[in-house]
Every structure is written in structure tokens, then in C-alpha cells.
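Chains, contacts and geometry: an overview
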Amino acid sequence: MRSLTLRLSLAVALFVAAPALTCSAQGIGIGGRFSMVRGDAQSDTGAEGFTGGHVRAWLSKRTALELSLDRRVQNNPTMTEQVKDYPLQASVLLSPIPSTFAPYVLGGLGWYTHSVEQTAGRQVIDSTTSRRVGTHAGFGAEVRLGHRAALHADYRYTFLKFGGADPIKADTIAAAVAKSHLTDTGTGVHFLPSYQGSMWTTGVTIYF
């Protein structure tokens, strides 16, 4: 029920915002994308493939808004359990060089839904759903294919954390401090940004 409410709310928001974006944006487009997502970048787990779609609206030659929704569904070998993941991300893209090949940096907020269903045939006998919210940032580039189409690829760090030390970077700094015989006050390590997950994303956008 909550998942249905979220989708309806998203649809209403897009319906309300689309006319305003179309009037003010220099280019608005929709497209499909493929992502390789790692939920925990520090573990040995491999990346999982997601498919989804996105809307991009260039408010100026250097600034764009993006809303994306990805989906992944996996069944266990006995077909008695189904796992569903739905990452929803809202991002701001900043491109310092507006051209046919336009590199950009990005940042934003994501809502991540994870559900597990126990099934018997086509009947769902039990279901659990968890949701997380986290910030993300990254970099990428968009390549224009004429006036109506573009390809893009980017890398995103997910679940960013500020004010806590990343264990790997903290160990590196501590070793450098010990080698140089300096006193570590802890200030530089404490404010290092860290991240939990990551994702590679590539897609195509058709502009109107």
C-alpha cells in the first residue's frame, strides 16, 4: 500500500512539475538507463544490475535537474522468495563546459526501497519492506547525438556521510602522521567524507 502511494505521489508530482519545467528549461528529455549498483563498497559483494528510466531538464546551459527510478527483481532458485529494490534519486547536475561532450558533477538525495516477499505459487504469504534515505554525489559526462538525443555515463557515491572518518582513509593518514613524527589532533580525520555504496550508470536521453 505504501509503495502504491509513493508511486502515485511521484506521478502527481511529475504531472504538476512537467509544464513548469517545459516552459523554463532549455531542454527536457526522458530516457532509459542501466546501472551497476554496489550496496556496500567496502565488502567483497559484487555489483547488481538495475534497469530504469529518468527525466532530465536543463534549466540553463550549465545546470540540470534529474529524476530517476531504477528497478531490480530477483527470485531464489525455488521461486519461493522474491526480492525487489527500487532506488529513486533526485539530482542536480552542473556542467562547466556546455558542448557536444559535456562533463558534469552531480549531487542529490535518494530514497531506496527494499522488499522481500515469501510466495507460494502466485500468492504472497509474507512481505517485509525497508526504506532508506541518503545523499549521493558523483561525476560523469553527456555526449549529444544531434539536437534530440544524448548518451551519458556517470559514477555515483551513495550514502555519503560527513563528520565521520572513512576507515581506509583514516588508516592511511594515521600511517603518514606516524611516519612524519607529527602529532595527530584528530581534526583532519574526523571531517573526512565517507560513503557506503556506489553505482555506475549509463543511459540514453531523448530531448523534446
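In the block above lies the structure referred to throughout.
In this text, all values refer to a predicted model and were calculated from it rather than measured experimentally.

**Quick word on the pattern of salt bridges**
Counted under the stated rule, the structure contains 11 salt bridges. With its nearest N and O atoms 2.8 Å apart, the salt bridge here joins glutamate 66 to arginine 56. Placement of glutamate 66 in strand β3 (residues 63-75) and of arginine 56 in strand β2 (residues 48-58) is noted, with a sequence separation of 10 residues between them. Its salt-bridge partner being glutamate 66, residue arginine 156 comes within 2.9 Å of it at the nearest N-O pair. Of this pair, arginine 156 sits in strand β7 (residues 149-158) while glutamate 66 sits in strand β3, placing them 90 residues apart in sequence. Residue arginine 156 is classed as buried on the basis of its relative accessible area, which comes to 0%. On the accessibility criterion, glutamate 66 (3% relative accessible area) is buried.

**Some details on the sheet that holds β2**
Pairing in this closed barrel of 8 strands is antiparallel, and the strands run β1-β2-β3-β4-β5-β6-β7-β8 around the ring. The sheet shows a mean angle of 25° between the axes of neighbouring strands, direction not considered. Pairing geometry for strand β5 (residues 101-120) and strand β6 (residues 123-144), over 20 bridges, is antiparallel. Following the sheet pairing, glycine 110 is matched in β6 by glycine 134.

So, how was this worked out
Residues numbered from 1 in each chain as written. Predicted model: local features only at pLDDT ≥ 70, side-chain atom pairs only at ≥ 80, totals over all residues. Heavy atoms only, no water. Salt bridge = Lys/Arg side-chain N within 4 Å of Asp/Glu carboxyl O. Helix = DSSP H or I, 4+ residues; strand = E, 2+ residues; numbered from the N terminus. Buried < 20%, exposed > 50% of the residue type's maximum accessible area, 1.4 Å probe, protein only. Pairing = 2+ DSSP bridges. Axes fitted to C-alpha atoms, helices over the stretch in contact; angles between N-to-C directions.

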